[in-house]
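Geometric and topological summary
Residues per chain, in single letters:
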Amino acid sequence: MYKVAWRNLWRNKRRTILTISAIAFSVLVLIFMLSIESGTYEYTKDYATKIWNGKARIFKKGYFQKETITKSFTVDKKLKKLLESTSFSWCKRIDGYGLVSFGDKTYGASISGIEPEREISAISKKIREGKYINSTGQVLVGWRLAKNLKVKVGDKIAILVQGRDGSLGAKLLEITGIFKTGVLDLDRGKVITTLEDADELFSMGGRVTTVVLYSKTRDFDKKLNSLEKKLPPELELVTWQKMMPELLEMIEFDRAGAYIMYLILIMIVAFGLLNTLYMSTFERRKELAVLRAIGLTKGEVRALILKESFFLALLGTITGILISLPVVIYFVKHPIKVGGKMAEFFESLLFAPLMPALLSWKIFAGVSVIIFIFAIIMAIFPGIRVTREELSQQLRFEK
Amino acid sequence: MEIVKTENLSKYYTDGTIVKAVDGVNLTLKKGEFTALVGPSGSGKTTLLNLIGGIDKPSEGKVFIDGQEISLMPEKKLAKFRLHKLGFVFQSFNLIPVLTAYENVELILLFQGVPKNERRERVMRIFKELGIEELADRTPSKMSGGQQQRVAIARAIVHTPSLVLADEPTANLDSENAIAIVELMKKMSEEKGITFLIATHDSRVFERTRRIIKIIDGKIHED
Ligand SMILES: Nc1ncnc2c1ncn2[C@@H]1O[C@H](COP(=O)(O)OP(=O)(O)O)[C@@H](O)[C@H]1O
Ligand SMILES: [Mg+2]
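So, here's what we can say about the structure.

**A few points about the overall build of chain A**
Secondary structure assignment for chain A yields 14 helices and 12 strands. For 399 residues, the compact-globule estimate of 2.2 N^0.38 gives 21 Å, and the C-alpha radius of gyration of chain A, at 31 Å, exceeds that figure by more than 25%. In terms of overall dimensions, chain A has C-alpha extents of about 100 × 45 × 30 Å along its principal axes. Long-range contacts, defined as pairs at least 24 residues apart, comprise 80% of the intrachain contacts of chain A with a sequence gap of at least 6. Counting every atom, chain A has about 19,200 Å² of accessible surface; 61% of that belongs to carbon and sulfur. Placing the 60 positive and 39 negative side-chain charges of chain A at their respective mean positions leaves the two points 8 Å apart.

Written out as structure tokens, the structure is:
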């Protein structure tokens, strides 16, 4: 019966090729879009967390709910050993708030102390003027804050904070660099100095407010879980999804929009198949009736139509995959670049201005499975239709 | 031995008025009988053949083939019954256009689940008996009507059925081919003991059959 089904396809070559092309095209667009979407999602996750926040953070319990310098902890030998046993990169930070003054101008700002050489965020690559910090007495400021304060590289700014014990801390630090991340909060309100300077300012006595974790591994969540279990009870882990809920929402919103598009494409495939199968079975009503007369059951005739649908889906999917493969590989190597104003807009939303594709067999397999499911569903209707009519009628009146 | 037996077999169509297409037919065909069912157009020949072949359900009465009542069989069983016990020859040949002559005939044995080697042997034997070996690899579109009908006969008898039902098998053929086709069926009937019932209003056919059943307005008139 496969032979009959296969040859039936080639009776109307034009229609069959058209149907196969439609399926192949949809497979291509589906695979392409899913690959770009997944690739961009993965990339954005890495990109957005790399800007400043990290993939996850360790805080003293309660800090995340209410950020206060008093909720701090020491990275002791035990914790250090635990962190080093993971495959994550990590670094310490002190985060607090204070006032930043230059001349007659004063602004409130978020002040962070980092380990310049261990720091894992991309901040060192976001310096637009001057250079990155490498020793105490130095400070980086966001470009908007610099503009507001009317400062330039080389100027010394005064920082005034309330320390952990309630005492005032003050320091005069030299601006070595001005950074631009595209993220408003950072560019407008962030001052970055060394861990040592921040320690003195806030009277931390060697304590930190957070440890930032970063890793690009796919099974990050799983590894994070095992780390969480070993963490001392007074500390907690907070993932990027919790730190940046807007980003997660945005990604999901983006996906929801794409799903409508996928649905439309799948419908194109479904109705293309349905149309072809209806026409080809309708044309052959008599022939199918003859098959039944000589001894095929209704079910066997339906199975024949199913086989034809299967072949159409198979050819369409294989063609689609063969075309998709080089396209996806190309976009893995040459991500789509978002330029100009759009890029700035993307960056301000923490979205990467780069949309790489992801080459994943799961996408290829998933799309194929969906197409096949629809091929089977779409073969049911013409099959039922053509076997519902009375056999004697079909044999009698059609040439 | 009775191959076909009908009891008060009737088929009514109701479109507006009641049409008695087949009306109380009692008929028996013995094994190996070569019979023509003769009557003018619209007399109920096709309907009667369809009832006997289990393609149509009777409004009343019963059909027995090889002692089995087929009018009560469920669809699946009936399909299998037709596959093993019956052969069909149609006016418009009705070969499967995408298959070669060989494959068209083989199809029956394929459906029956006959193994490949045996299929090949049996199909080639029938082709030889009918003298159509050279048609084996041709598709229906590459054959004349007479050639197609010969292949159709091969398809109808390759599984040596109990009964072959032929509906106007010569209507689309010229004289020479028509006569040859009837003679071929007759030969097969005699050699293999297959019962033939041929609906026709073609004198070239019924001149050559041993038995003639006349049907008018759905009723048997002469036997
Ligand atoms: N589906 C149907 N609906 C109504 N009348 C039908 C139908 N099929 C056949 N008939 C009628 O039954 C009668 C017998 O038809 P048929 O068996 O085709 O005769 P024949 O084959 O001898 O020409 C005709 O009058 C025909 O019009
Ligand atoms: Mg007729």
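**Brief notes about the site of ligand 1**
Surveying the vicinity of ligand 1 reveals 13 residues, the closest of which are R396 of chain A together with G42, K45, T46 and T47 of chain B. Neighbouring residues of ligand 1 are not confined to one chain but are distributed across chains A and B. Take S43 of chain B: an N or O atom from its main chain is 3.2 Å from an oxygen atom of ligand 1. In isolation ligand 1 has 560 Å² of accessible area, and contact with the protein removes 76% of it. Those elements that place two or more of their residues in the shell around ligand 1 are α14 (391-397) of chain A together with β1 (2-15) and α1 (45-52) of chain B. For the shell around ligand 1, the element with the most residues is α1 of chain B, which contributes 3 residues. Tallied by class, residues from the shell around ligand 1 come to 3 nonpolar, 7 polar and 3 charged.

**Section: the sheet that holds strand β5 (residues 68-69) of chain B**
Residues and elements named next belong to chain B. On the basis of which strands lie adjacent, the open sheet formed by 4 strands has the order β2-β1-β4-β5 and antiparallel pairing. Here the strands that pair on one side only, and so sit at the sheet edges, are β2 (17-30) and β5. Both β1 and strand β4 (residues 60-65) contribute to a ladder of 5 bridges, which runs antiparallel. Residue pairing across strands places E7 opposite K62, the latter belonging to β4. Along the sheet, α1 makes contact with β1, β2 and β4, crossing β1 at roughly 125 degrees.

**Digging into the sheet that holds strand β3 (residues 34-38) of chain B**
Residues and elements named next belong to chain B. Pairing within the open sheet is mixed, and its 6 strands lie in the order β6-β7-β8-β3-β9-β10. Looking at the sheet topology across the chains shown, the edges are occupied by β6 (86-89) and β10 (219-222). Within this sheet the neighbouring strands show an average axis-to-axis angle of 25 degrees, counted without direction. Pairing of strand β9 (residues 211-216) with β10 involves 3 bridges; the strand directions are antiparallel. Directly across from I216, in β10, lies its bridge partner K219. The strands touched by helix α2 (residues 75-85) are β6 and β7 (163-167); relative to β6, the strand with the most contacts, the crossing angle is about 80 degrees.

**As for helix α11 (residues 298-333) of chain A**
Two residues of an α-helix separated by three or four positions point the same way, owing to the 3.6 residues in each turn. Between its terminal C-alpha atoms α11 of chain A stretches 52 Å, which fits the 52 Å expected from 36 residues at 1.5 Å a residue. A bend of about 30 degrees at S324 of chain A is the largest found in α11 of chain A, and the proline P326 of chain A appears one to four places after it.

Definitions and cut-offs
Residues numbered from 1 in each chain as written. Chains lettered and ligands numbered in written order. Predicted model: local features only at pLDDT ≥ 70, side-chain atom pairs only at ≥ 80, totals over all residues. Heavy atoms only, no water. Helix = DSSP H or I, 4+ residues; strand = E, 2+ residues; numbered from the N terminus. Rg over C-alpha atoms; globule rule 2.2 N^0.38 Å. Contact = heavy atoms within 4.5 Å. Areas by Shrake-Rupley, 256 points an atom, 1.4 Å probe, with all protein chains shown as cover. Lys, Arg positive; Asp, Glu negative; His and termini not counted. Charge placed at Lys NZ, Arg CZ, Asp CG, Glu CD. Near = heavy atom within 4 Å. Polar contact = N/O pair within 3.5 Å; in protein donor to acceptor, adjacent residues only side chain to side chain. Nonpolar A, V, L, I, M, F, W, Y, C, P; charged D, E, K, R; others polar. Pairing = 2+ DSSP bridges. Axes fitted to C-alpha atoms, helices over the stretch in contact; angles between N-to-C directions. Expected span 1.5 Å × (residues − 1). Bend = angle between axes of the 7 residues up to and from the residue.

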